[in-house]
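Secondary and tertiary structure notes
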Amino acid sequence: MYAATARVTAGPASYAMPGVLPAACTREVACVWSLPHRPESAGTARRIARTVLDAWGTDVDTADMVLLVVSELVTNAVEHAQPPVILHLEQRTESGALHIEVDDGGPAPEGRARAAGRDPEEHGRGGRIVALLATAHGERALPCGATHWADLLIAA
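Residues numbered from 1 in each chain as written. Predicted model: local features only at pLDDT ≥ 70, side-chain atom pairs only at ≥ 80, totals over all residues. Heavy atoms only, no water.

The next thing to look at is the environment of Ala131. In this structure, Ala131 sits in helix 3 (residues 126-133). Note on Ala131: relative accessible area 36%, which makes it partly exposed. In the structure, Ala131 is positioned 20 residues away from Asp151 in sequence and 10.0 Å away in space, judged by C-alpha atoms. (Helix = DSSP H or I, 4+ residues; strand = E, 2+ residues; numbered from the N terminus. Buried < 20%, exposed > 50% of the residue type's maximum accessible area, 1.4 Å probe, protein only.)

Encoded structure:
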């Protein structure tokens, strides 16, 4: 699937800061980040994705759509699944797509508190947002969880 993979762990490390990217994360390499299973990880994932997209020279409109999809997929993993939360980003030059994946540890136990304090009307739109923005999207089972993915066309 990937020619090479750069695996890093998100947290207070420098690559989670704007403008700083691991040297191994290039257009030819799928980059992978392990994120904490916390609501703040959606923001961390957006910062990481923004840095990668800037390094790859992605146009602003495409970057905004990618950031929204990244945010939705990571938020869903945190709210509806068990750890881990793993973000994958890959630019597929042959198809002109940016491929996003978020792995999780499978469905959360029933009754687990989700997004305490949020209005119930704010839930349930993430999948529709991803479907509207992505040229293709889906999920596949993992031995211990699932991968949710989306492809977005990169503007030429």
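So that's the structure; there's more coming.
On inspection of all chains with the given rule, the structure shows four salt bridges. Note that Glu90 and Arg92 form a salt bridge whose closest N and O atoms lie 3.2 Å from each other. With relative accessibility at 11%, the residue Glu90 sits in the buried group. (Salt bridge = Lys/Arg side-chain N within 4 Å of Asp/Glu carboxyl O.)

Our focus in this paragraph is helix 1 (residues 41-55). Between the first and last C-alpha of helix 1 there are 21 Å, a value that for 15 residues agrees with the 21 Å anticipated at 1.5 Å per step. Every buried residue of helix 1 is accounted for by Ser41, Ala42, Gly43, Thr44, Ala45, Ile48, Ala49, Thr51, Val52 and Leu53. (Expected span 1.5 Å × (residues − 1).)

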